[in-house]
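A look at the structure
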Amino acid sequence: MLQKFLKLFKLGYPGFWQKKNNLIEKIIILLLLPFTFIYYLASKFDKKLTKKNKVGIPVISVGNINTGGSGKTPFVIYLVNLLKKEKINSHVVSRGYLGNLHGPVKVDLKKHSYKDVGDEALLLAKETTTWVSKNKFEGTLMATLNGADVVILDDGLQNYSIHQNLKIMIVDGGFGFGNQFLLPSGPLRETISSGIKKSDMLIIFNKDENDIEKKIKNKITIIHANSKIKNFSQLKNKKIVGFSGIGRSEKFHSSLKDQKLNIINFFPYPDHYSYNKKEMNNLINYAKKNNAVLVSTLKDKQRINIDQRKKISFLDLKIEVKEEKNLINFLKKRKIV
């Protein structure tokens, strides 16, 4: 239902989901409030009716209360590599968003495409064993039976079918919680108070421009993190044409500008956008005509024709956690490491 709603907006998330709204946007929010109330009731019933199951190993849930664009998947990858240093074999269970396979199925990079398992699962599978399962409990069970020491649920904060030993909530400091309304009037899957109450830790990505920490101080453990593009030295002193189809494309655009790269144009697309060959050829030719390098994200790479990928430079994100020692100590207290 959410995706059908978002398709109404060419560039992804609607403007009225932002923190500040003009009169027309406020009217739109008002008109959508009855649907928000229905969504709220449905989510409450789902939580109440879902039976919680335990598996024999620790389960970490990484999620958010916003719809997309907070940095969940990059943080899951960071967490996987952190656990590797501690000699812990973690498996990731993903819903395989927009993928066709119901699962549970182990992601095979040689066999599966983003149409099978979604773009995020392909990125995760490059780092560790990843399971796609629309039923996350079944996926977690498969990971347990196949030798996982720990299971990480990618986007699992609203899943009530599994007992979770550690719940980590992610929020982007630049966007915050938007207009703070529930779907579809706003970007929230659940209320801020509900999300904070059930979470053990909050990761604030990048600069806190919405005073998130002040509002929830002493209610939850807060960890600060930054996400920056890496391996971009080959792009210095070159003209760049950028594009991306992620939760909030402006974040990628901003990260390019932060490195003072020469961006002559940037093309935003909706989240998880499926690029066709014609569109890609148009972008490739546009960059060539302007003697520029065409640049996008590794997440976008999964949704682009293999032959066309050779003509595009893809950038990855580097995650820096400021209080990494505090995070490790927290994991130790929960007997995960």
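Note that the coordinates shown come from a computational prediction; the quantities given were computed from them, not determined experimentally.

Remarks on the nonpolar core
Counting residues in each nonpolar core, the largest one holds 30 residues, and the members touching the most others are Ile 60, Phe 75, Leu 79 and Ile 168. Secondary-structure elements contributing two or more residues to this core are strand S1 (59-63), helix H3 (72-85), strand S5 (150-154), strand S6 (166-172), strand S7 (201-205), strand S8 (221-230), strand S12 (313-321) and helix H13 (324-333). Per-element tally for this core: the top contributor is H3, with 8 residues. Not counting chain neighbours up to four residues away, the residues in contact with Ile 60 comprise Leu 79, Leu 83, Val 150, Val 151, Ile 152, Leu 153, Leu 166, Ile 168, Leu 331 and Ile 336. In terms of nonpolar packing, the next biggest core, distinct from the first, is built from 15 residues, Leu 182, Leu 188, Leu 202 and Ile 216 among them.

Some points on a nonpolar patch on the surface
Taken together, the side chains of Phe 37, Tyr 40, Leu 41, Phe 45 and Leu 49 define a hydrophobic patch exposed on the protein surface, amounting to about 540 Å² of accessible area. With respect to the secondary-structure elements, Tyr 40 resides in helix H2 (residues 23-49). Look at Tyr 40 and you get partly exposed, because its relative accessible area is 32%.

Quick notes on the pattern of salt bridges
As enumerated under the stated definition, the model contains 12 salt bridges in all. The partner of Glu 120 in a salt bridge is Lys 299, and the shortest N-O contact between them spans 3.2 Å. A residue pair is termed long-range when its members are at least 10 positions apart, and Glu 120 in helix H5 (residues 119-125) and Lys 299 in helix H11 (residues 298-301) qualify at 179 residues. Considered together, Glu 120 and Lys 299 belong to a single accessibility category, that of buried residues.

Side note on the side chain of Asn 21
Positionally, Asn 21 belongs in the loop between helix H1 (2-6) and H2. Looking at Asn 21, its side chain comes within polar contact range of the main-chain oxygen of Phe 16, at 3.0 Å. Non-local contacts of Asn 21, meaning those with residues more than four positions away in its chain, are made with Gly 15, Phe 16, Lys 26, Ile 29 and Asn 179.

Details of the environment of Lys 299
With relative accessibility at 16%, the residue Lys 299 sits in the buried group. Residues Lys 299 and Thr 73, 226 residues apart in the sequence, show an inter-C-alpha distance of 9.8 Å. Discounting chain neighbours no more than four positions away, the residues touching Lys 299 are Asp 119, Glu 120, Leu 123, Ile 246, Asp 271 and His 272. In this structure the side chain of Lys 299 is engaged in a polar contact, spanning 3.2 Å, whose partner is the side chain of Glu 120.

Some thoughts on the confidence of the model for the protein
Confidence in the prediction for the protein averages 92 pLDDT; 96% of positions are at 70 or higher. The low-confidence segment residues 6-11, where pLDDT is below 50, has 9 contacts with residues more than four positions distant or belonging to other chains.

Remarks on the packing of H3 against H13
Relative orientation of the contacting elements H3 and H13 amounts to 70°, with a least axis distance of 12 Å. Here H3 is positioned roughly perpendicular relative to H13, judged by the angle of their axes. Within the contact between the two elements, H3 uses Phe 75, Tyr 78, Leu 79, Leu 82 and Leu 83 and H13 uses Glu 324, Leu 327, Ile 328 and Leu 331. For the contact of H3 with H13, the residue count by class is 8 nonpolar, no polar and 1 charged.

Quick look at a positive patch on the surface
On the surface, a cluster of positive charge is made up of Lys 44, Lys 47, Lys 52 and Lys 197. Along the chain, Lys 52 falls in the loop between H2 and S1.

Describing the environment of Asp 208
Positionally, Asp 208 belongs in the loop between S7 and helix H8 (212-216). Put simply, Asp 208 and Gly 174 are 34 residues apart on the chain and 6.2 Å apart in space, counted from C-alpha to C-alpha. Residue contacts for Asp 208: discarding those within four places in its chain leaves Gly 173 and Glu 213. A polar side-chain atom of Asp 208 sits 3.1 Å from the main-chain amide nitrogen of Asp 211.

Quick word on the packing of aromatic side chains
The final tally for this structure, using the stated rule, is 8 aromatic pairs. Measuring from ring centre to ring centre gives 6.5 Å for Phe 243 and Tyr 269, while their planes differ by 85°; the resulting arrangement is edge-to-face. Taken together, the residues span a long stretch of sequence, with Phe 243 in strand S9 (residues 239-244) and Tyr 269 in the loop between strand S10 (262-268) and helix H10 (277-289) at a distance of 26 residues. Residue classification places Phe 243 among the buried residues on the basis of a relative accessible area of 0%. Judged by relative accessible area, Tyr 269 falls into the buried class, the value being 15%. A centroid spacing of 6.1 Å and a plane angle of 55° characterise the contact between Phe 252 and Phe 266, whose relative ring orientation is tilted. Placement of Phe 252 in helix H9 (residues 249-258) and of Phe 266 in strand S10 is noted, with a sequence separation of 14 residues between them. An identical accessibility class is assigned to Phe 252 and Phe 266; each is buried. Ring pairing ties together the aromatic residues Phe 243, Tyr 269, Tyr 273 and Tyr 275, which thus form one cluster.

What counts as what
Within every chain, residues take consecutive numbers counted from 1 along the sequence as written. Residues qualify for local features only when their pLDDT is at least 70, as the model is predicted, and side-chain atom pairs are given and counted only at 80 or more; totals for whole chains, interfaces and linings, by contrast, use all residues. The basis for every side-chain value is the complete set of heavy atoms in the structure, and neither hydrogens nor water enter the calculation. Joining through side-chain atoms within 4.5 Å is the link that ties buried Ala, Val, Leu, Ile, Met, Phe, Trp, Tyr and Cys residues into a set, and such a set is a nonpolar core. Only protein chains enter the accessibility calculation, which uses a 1.4 Å probe; a residue whose area is less than 20% of its type maximum is buried, one above 50% is exposed, and one in between is partly exposed. Put simply, DSSP H or I for four residues or longer makes a helix, DSSP E for two residues or longer makes a strand, and each gets a number counted from the N terminus. By definition, residues are in contact when any of their heavy atoms lie within 4.5 Å. Each patch is built from salt-bridge-free residues with over 30% relative accessible area, joining like charges within 9 Å and nonpolar side chains (Val, Leu, Ile, Met, Phe, Trp, Tyr) within 5 Å. For the accessible areas, the method is Shrake-Rupley and the probe is 1.4 Å, while residue cover comes only from the protein chains on display. Salt bridges are defined as contacts in which a side-chain nitrogen from Lys or Arg sits within 4 Å of a carboxyl oxygen from Asp or Glu. Polar contact criterion, stated in full: a pair of N or O atoms within 3.5 Å, where within protein one must be able to donate a hydrogen and the other to accept it, and residues adjacent in sequence count only if both atoms are side-chain atoms. What pLDDT expresses is the predictor's confidence in each residue, scored from 0 to 100. Think of each axis as a best-fit line through the C-alpha atoms, taken over the contacting stretch in the case of a helix, with angles from 0 to 180 degrees between the N-to-C directions. Roughly parallel refers to an angle under 35 degrees, roughly antiparallel to one over 145, roughly perpendicular to one between 65 and 115, and oblique to any angle outside these ranges. Nonpolar residues are Ala, Val, Leu, Ile, Met, Phe, Trp, Tyr, Cys and Pro. Charged residues are Asp, Glu, Lys and Arg, and all others, Gly as well, are polar. When charges are counted, neither His nor the chain ends are considered; positive counts come from Lys and Arg and negative counts from Asp and Glu. Working definition for charges: the position is that of NZ of Lys, CZ of Arg, CG of Asp or CD of Glu. Ring pairs are drawn from Phe, Tyr and Trp, using the six-membered ring of Trp, whenever the two centres fall within 6.5 Å, and their geometry is named by plane angle: stacked under 30 degrees, edge-to-face over 60, tilted for the rest.

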